[in-house]
Amino acid sequence: MSEKLRHWLFGLDPGLAHRLGFGAAWLADRCASRYLRRTYTLEDSALHQRVWNLDFPNPVGLAAGCDKNALLLPFWAKLGFGHAEVGSVTLRRSRGNPRPRLFRLEEDRAIINRLGLPSKGARRVAQRLSSARVTGMPVGVSIARVHGNTSPIEDYRRCAARLIPHADYLTINISCPNTPDGKTFETPKYLDELLVVLMGEVDGRVPVLIKLSPLDTPKVIYDSQTEGILETAISRGVSGFVVANTAKDRAGLVTDKHTLDTIGPGGLSGAPLHHRAVQMVRYIYSCVGPRYPIIGVGGIFSAEDAYRMIRAGACLLQLYTGLVYEGPSVVYDIKHGLMDLLEADGFGSLQSAVGTEQGIKEIAGIV
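Presented here is a report on the structure given in the accompanying data block. None of the values given here were measured: they were computed from a predicted structure.

1. A short note on the packing of helix α5 (residues 122-131) against helix α6 (residues 152-163)
Direction vectors running N to C along α5 and α6 enclose 20°, while the axes themselves pass 9 Å from each other. In terms of axis orientation, α5 runs roughly parallel to α6. As α5 packs across α6, the resulting crossing turns out to be right-handed. For the pair α5 and α6, contact is made by A122, R123, V125, A126 and L129 and by C159, R162 and L163, respectively. Residues of the contact of α5 with α6, tallied by class, amount to six nonpolar, no polar and two charged.

Structure below.
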């Protein structure tokens, strides 16, 4: 992204800039398709991954939260992403929270959002997925639940039922308040109740992943609740994990307190989350090993960030905030840089680098 364009976009309200960006992407997909492929295509067998019997041309994916309603899937493929995750999708249409609900922290290269799960609803997103012409790129769907009059678990089940026929994999966003008492499914008891029903609905048709929230500290040696979640998920047949979601705290930010107080609550994403996300990937990988693939998410802006996540134990990656700050060339740049880093360290493939960071051990207690 040119500095002039970036300066202009960052002078706009973040929500407006997002909508304008989507409009420009829609237009480019229809009017400059060949240019997009010629400019951003970079594929190499060393980056190819086969995970959950799905072929990922490269590990760099679009994180949930960007294309919530599956509007631009062909564009993301032309931009060079190896997969895209849409959503989070809710069963019924949801407007989300009032605006403003999206905020940039430029000094931190971060974003705070309190979108509140705006969604066109499972039926509408399923229609879009069924008509989208996407080639060579797996498409995952993240599902979540907003407050309503029906059972949270039944909402998840019905949402999954609508979307499974159109998804290559399903991610369960368990971190939003979605039980009658405002609790999440981030406890083994609540998660087990959800998965008993949900895995019965899925019935092995697609891989099911659990998206975990970051822990409060990067210095993780043992966390009983997280290990309880892992054990519950694996016992119910979950195929892998997405690590990690946005953070609720404001640890390690340089943005001044007055600005943060003015913004108020919301989920933090971007560069400040990277070290914590890498450490959590490392921790989860040490618990479950390579049998349960990890998608690493959090503050990926460069090939070095991506490589750090891979060597900690992630076999696939996702980004969103990095795309906002670095522009559309970030996908190409990460892939190109990864190829150089793999070659420099003597790895013939990306898969051979997963989890090779010094100190990583596979622990058989949960696997």
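2. Considerations on the side chain of E227
You can see E227 is positioned in helix α8 (residues 224-235). A distance of 2.8 Å separates the side chain of E227 from the side chain of Y283, its partner in a polar contact.

3. Some thoughts on the pattern of salt bridges
Proximity of charged atoms lets side chains of opposite charge pair with each other. Tallying each qualifying case throughout the model produces 17 salt bridges. The partner of E193 in a salt bridge is K189, and the shortest N-O contact between them spans 3.0 Å. Placement of both E193 and K189 in helix α7 (residues 188-202) is noted, with a separation of four residues, approximately one turn of the helix. Of the charged contacts, one joins D261 and K257 as a salt bridge, the two residues approaching to 2.7 Å between their closest N and O atoms. Here D261 pairs with K257, and both are found in helix α9 (residues 257-263), just four residues apart, close to one helical turn. Accessibility expressed as a relative area gives 61% for K257, which makes it exposed. Three or more residues joined by partner-sharing salt bridges are found here, namely E154, R157, E201 and R205.

4. Notes on the packing of α7 against α8
The interhelical angle for the contact between α7 and α8, taken along N-to-C directions, is 20°, at an axis separation of 9 Å. With respect to α8, the element α7 is oriented roughly parallel. Like other packed secondary-structure pairs, α7 and α8 cross with a definite hand, here right-handed. Contacts between α7 and α8 involve P188, L191, D192 and L195 from the former and Q225, G228, I229, T232 and A233 from the latter. Within the contact of α7 with α8, the residues separate by chemical class into five nonpolar, three polar and one charged.

Reading the values: the criteria
Residues numbered from 1 in each chain as written. Predicted model: local features only at pLDDT ≥ 70, side-chain atom pairs only at ≥ 80, totals over all residues. Heavy atoms only, no water. Axes fitted to C-alpha atoms, helices over the stretch in contact; angles between N-to-C directions. Helix = DSSP H or I, 4+ residues; strand = E, 2+ residues; numbered from the N terminus. Parallel < 35°, antiparallel > 145°, perpendicular 65-115°, else oblique. Left-handed = near helix turned anticlockwise from the far one by under 90°. Contact = heavy atoms within 4.5 Å. Nonpolar A, V, L, I, M, F, W, Y, C, P; charged D, E, K, R; others polar. Polar contact = N/O pair within 3.5 Å; in protein donor to acceptor, adjacent residues only side chain to side chain. Salt bridge = Lys/Arg side-chain N within 4 Å of Asp/Glu carboxyl O. Buried < 20%, exposed > 50% of the residue type's maximum accessible area, 1.4 Å probe, protein only.

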